[in-house]
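Fold and geometry: a report
Next come the chains, spelled out residue by residue.
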Amino acid sequence: MFFYADLHIHSKYSRATSKSCNLEELATWAQKKGLSVISTGDFTHPAWFAEIKEKLVPAGNGVFRLRPEIEKQILKPGIPVYFVLSVEISTIYKKWDRTRKVHHVVFVPDLEAAQNFREKLGAIGNINSDGRPILGLDSRNLLETALEAGEGSFIIPAHIWTPHFSMFGAFSGFDTVEACFGDMTPYIHAVETGLSSDPPMNWRLSALDRFTLISNSDAHSPQKLGREANLFHTPFSYSAMAAALESPDSEGFAGTIEFFPEEGKYHFDGHRNCQLCLKPSETMATDGRCLICGKKLTIGVLHRVEDLADREEGFRPTHARPFESIVPLAEVIAASTGVSAAGKNTQALYEQMLHALGPEFSILREVPVEDIAHTAGPC
């Protein structure tokens, strides 16, 4: 069975997220997108954890569904949406005389492990103020804490290239996975490439060959679900999905759906306040300073990949999983009709297309163009 999964999202309790990031809206939009599995996000937050326990029920095999009476009201019958328990943790700590800021996505198999992890983190720092808690904990120790929460728990380093908050980030990250996780590195099996990079960029690092490259939306609103996603060929099972991520050679992991990395916020170098955007070669010519105000530039993902890469552009490992870059359907409609992607006309046509043709991923990847033209016009 092939299905789409988005495994890194947020609730309404995370900073800078939509108030509509509740379980009902997330499930509704997951179905619209064609996602069969999404993560809960933010399970360490007490109010969100209470909502998870109130509205979700175990569906067996470590996945959850909305309670039947809720599901019946909001979802199309026969197309369930499953949840897995996850949370993004931000760690800020000193290591080797530098401040490190690294984000991680933690997965646990059941509510008991989630509660154990919450208690362990609650003894270390504040998990009540933000759905993505900030802790002064070494990444290596966070991984150890997650593994101790319950058998089957694991961590995936989040958006590994983001300049300010990631494992390889230019400002506060490391140059190797081992530098970040030390003796616990063998327990890291997958990494999240982030919106500003794609698999070919990551293939340039031989050090990443042993890891499964996954992609997720990191959605802060339900409508952003699925802008990146993963394709699994497993049963709807937490353990089966976890096993599929343990090796890049696994047949259970079938590839990724990607944002075009140039659309990512941090792909190029630049200075946001001055609206300056530069390629790495152009940054080198400026001595890393903004051409307009002279302040230090943000070193983007492409530049950082160039710094760490030991292969030429275009290299493809033998075990590389397939991927496909897409543009979200609302943006395709907007570009075709010359109106805003968030406008009422776009949203009306979007809903009309879903009703007639099926979920967004099907429209973007499978539905014949002539069927789309019949429903939505030739553009």
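Remember, predicted model here, so these are calculated numbers, not experimental data. (Residues numbered from 1 in each chain as written. Predicted model: local features only at pLDDT ≥ 70, side-chain atom pairs only at ≥ 80, totals over all residues. Heavy atoms only, no water.)

**Description of unusual backbone geometry**
The phi torsion at Ala 16 lies on the positive side, around 65°, for a residue other than glycine. Tracing the chain through its elements places Ala 16 in the loop between β1 (2-6) and α1 (23-33). One non-glycine residue, Trp 96, adopts positive backbone phi at about 55°. Here Trp 96 lies in the loop between β5 (82-95) and β6 (98-108). (Helix = DSSP H or I, 4+ residues; strand = E, 2+ residues; numbered from the N terminus.)

**Focus: the environment of Leu 85**
Topologically, Leu 85 is positioned in strand β5. It is 9.9 Å that separates the C-alpha atoms of Leu 85 and Thr 44, two residues lying 41 residues apart in sequence. With residues up to four places along the chain from it excluded, the contact list for Leu 85 reads Thr 40, Phe 43, Ile 52, Phe 64, Val 106, Phe 107, Val 108, Asp 110, Leu 111 and Ala 114. (Contact = heavy atoms within 4.5 Å.)

**Quick word on the nonpolar core**
Counting 81 residues, the largest nonpolar core has Phe 43, Phe 83, Phe 117, Trp 161, Met 167 and Phe 168 as its most contacted members. Among all residues touching Phe 43, those that are not within four sequence positions of it are Trp 48, Phe 49, Ile 52, Leu 85, Ser 86, Val 87, Val 106, Val 108, Ala 114, Phe 117 and Arg 118. With 22 residues, the next largest nonpolar core counts Leu 7, Val 84, Ile 214 and Met 241 among its residues. (Core = buried A, V, L, I, M, F, W, Y, C linked by side-chain atoms within 4.5 Å. Buried < 20%, exposed > 50% of the residue type's maximum accessible area, 1.4 Å probe, protein only.)

**Details of the pairing of β1**
Burial analysis of β1 places four of its five residues in the buried class, which makes it a mostly covered element. Relative to strand β11 (residues 229-233), β1 runs antiparallel, the two sharing four bridges. Counted as the bridge partner of Phe 3 is Phe 232 from β11. In the sheet, β1 pairs with strand β2 (residues 35-39) via three bridges, with the strands oriented parallel. Within β2, the residue paired with Tyr 4 across the bridge is Leu 35. As for the winding sense of the linkage, the β-α-β connection from β1 through α1 to β2 is right-handed. (Pairing = 2+ DSSP bridges. Right-handed = clockwise from strand over helix to strand, strands pointing away.)

**As for the packing of α1 against helix α2 (residues 46-55)**
The interhelical angle for the contact between α1 and α2, taken along N-to-C directions, is 65°, at an axis separation of 11 Å. Judged by the inter-axis angle, α1 sits roughly perpendicular to α2. Along its contact with α1, which presents Leu 23, Glu 24 and Leu 26, the element α2 presents Trp 48, Glu 51, Ile 52 and Lys 55. (Axes fitted to C-alpha atoms, helices over the stretch in contact; angles between N-to-C directions. Parallel < 35°, antiparallel > 145°, perpendicular 65-115°, else oblique.)

**Quick notes on the side chain of His 159**
Along the chain, His 159 turns up in the loop between β8 (154-157) and α6 (177-181). Overall, His 159 belongs to the buried group, its relative accessible area being 9%. Looking at His 159, its side chain comes within polar contact range of the main-chain oxygen of Phe 165, at 3.4 Å. Residues contacting His 159, with those up to four places away along its chain left out, are His 8, Glu 88, His 103, Phe 165, Ser 166, Glu 192, Thr 193, Gly 194 and Asp 218. (Polar contact = N/O pair within 3.5 Å; in protein donor to acceptor, adjacent residues only side chain to side chain.)

**Considering the layout of surface pockets**
In this structure, the largest pocket occupies an estimated 660 Å³ of space. Contributing to the lining of the largest pocket are 26 residues, with His 159, Thr 162, Asp 218, Lys 265 and Tyr 266 lying nearest its centre. A per-class count over the lining of the largest pocket returns eight nonpolar, twelve polar and six charged. (1 Å grid on protein atoms, 1.4 Å probe; cavity = no way out; pocket = protein on both sides within 12 Å on 5 of 7 lines; lining within 4 Å. Points joined across faces, edges and corners; volume = space filled by probe spheres on them. Nonpolar A, V, L, I, M, F, W, Y, C, P; charged D, E, K, R; others polar.)

**Some remarks on the packing of aromatic side chains**
This structure, assessed with the given rule, holds 13 aromatic pairs. Across from the ring centre of Phe 174, 4.3 Å away, lies the NZ or CZ of Arg 100, which sits over that ring. (Phe/Tyr/Trp six-rings, centres within 6.5 Å; stacked < 30°, edge-to-face > 60°. Lys NZ or Arg CZ within 6 Å of the ring centre and 35° of its normal.)

**What to know about the pattern of salt bridges**
In the structure shown here, the tally under the stated rule is 17 salt bridges. We note a salt bridge from Asp 209 to Arg 311, for which the minimum N-O separation is 2.5 Å. Linking Asp 209 in the loop between α7 (199-202) and β10 (212-214) with Arg 311 in the loop between α10 (301-308) and β15 (323-325), this pair joins segments that are 102 residues apart in sequence. Comparing Asp 209 with Arg 311, the two get one shared label, buried. Three or more residues joined by partner-sharing salt bridges are found here, namely Lys 12, Glu 24, Glu 51 and Lys 55. (Salt bridge = Lys/Arg side-chain N within 4 Å of Asp/Glu carboxyl O.)

**Looking at empty space enclosed by the protein**
One pass over the structure, following the stated rule, counts two cavities of 30 Å³ or more. Considered as a void within the structure, the largest cavity measures approximately 150 Å³ in volume. Along the walls of the largest cavity sit 16 residues, with Trp 203, Phe 211, Leu 213, Ala 320 and Arg 321 positioned nearest its centre. Taken together, the elements giving at least two residues each to the lining of the largest cavity come down to α7, β10 and β12 (253-258). The residue makeup of the lining of the largest cavity, split by class, is ten nonpolar, four polar and two charged. Its boundaries defined by the atoms lining it, the second largest cavity holds a volume of some 60 Å³. Along its surface, the second largest cavity is lined by Leu 7, Val 84, Phe 107, Phe 154, Tyr 238, Met 241, Ala 242 and Leu 245. For the lining of the second largest cavity, the element with the highest residue contribution is helix α8 (residues 238-245), accounting for four residues. The residue inventory of the lining of the second largest cavity, partitioned by class, reads eight nonpolar, no polar and no charged.

Geometry only, nothing functional implied.
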